[in-house]
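One letter stands for each residue in the lines below.
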Amino acid sequence: MQANVGDTLLVHGHNVGHGDRKAVIVEVRGPDGSPPFIVRFDDGHESLVYPGPDAVVMPAAGQSG
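This write-up is about the structure you can find in this document. These figures come from a predicted structure and were not determined experimentally.

## Observations concerning the overall build of the protein chain
Okay, so step 1: A count of helical and extended segments in the protein chain gives zero helices and five strands.
Okay, so step 2: Reading the protein chain from its N terminus to its C terminus gives the helix and strand order β-β-β-β-β.
Okay, so step 3: In terms of overall dimensions, the protein chain is globule-like: its C-alpha atoms have a radius of gyration of 11 Å, near the 11 Å expected for 65 residues.
Okay, so step 4: Seen through its C-alpha atoms, the protein chain measures out along the principal axes to roughly 35 × 20 × 20 Å.

Okay, here's the thing in structure tokens:
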């Protein structure tokens, strides 16, 4: 998994009643765009994330990949 600052991390909810969570990637700490990522959720909460298999990186608008 690779990402750039400004991309969106989408983590799929895997329990009933828990929806997907979206966060904007504000920092990439791994080499060549790999995890871990610092992300900011809609509520302003920032967290260090090592995405699992239930996560997808969506490129920022105007980026391909």
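Once you've had a look at it, read on.
## Here's the deal with the side chain of Asp 7
Okay, so step 1: You can see Asp 7 is positioned in the segment before strand E1 (8–11).
Okay, so step 2: Buried charged residue Asp 7 carries no salt bridge. Nearest counter-charge: Lys 22, at 13 Å.

## A few points about the environment of Val 11
Okay, so step 1: Considering the arrangement of structural elements, one finds Val 11 in strand E1.
Okay, so step 2: When residues no more than four places from it in sequence are discounted, the contact partners of Val 11 are Asp 20, Arg 21, Asp 54 and Ala 55.

## A few points about the packing of aromatic side chains
Okay, so step 1: If you walk through the whole model with that rule in mind, you get zero aromatic pairs.
Okay, so step 2: The ring centre of Phe 41 lies 3.9 Å from the NZ or CZ of Arg 21, which sits over that ring.

## What about the pattern of salt bridges?
Okay, so step 1: One pass over the full model with this rule turns up two salt bridges.
Okay, so step 2: One salt bridge in this structure joins Glu 27 and Arg 29, with 3.0 Å as the shortest N-O distance.
Okay, so step 3: Under the relative-accessibility criterion, Glu 27 is labelled partly exposed at 35%.
Okay, so step 4: Where Glu 46 meets Arg 40, a salt bridge forms, and the shortest distance between an N and an O atom there is 2.6 Å.
Okay, so step 5: Relative accessible area serves as the criterion here: at 41%, Glu 46 is assigned to the partly exposed category.

The rules behind the values
Residues numbered from 1 in each chain as written. Predicted model: local features only at pLDDT ≥ 70, side-chain atom pairs only at ≥ 80, totals over all residues. Heavy atoms only, no water. Helix = DSSP H or I, 4+ residues; strand = E, 2+ residues; numbered from the N terminus. Rg over C-alpha atoms; globule rule 2.2 N^0.38 Å. Buried < 20%, exposed > 50% of the residue type's maximum accessible area, 1.4 Å probe, protein only. Lys, Arg positive; Asp, Glu negative; His and termini not counted. Salt bridge = Lys/Arg side-chain N within 4 Å of Asp/Glu carboxyl O. Contact = heavy atoms within 4.5 Å. Phe/Tyr/Trp six-rings, centres within 6.5 Å; stacked < 30°, edge-to-face > 60°. Lys NZ or Arg CZ within 6 Å of the ring centre and 35° of its normal.

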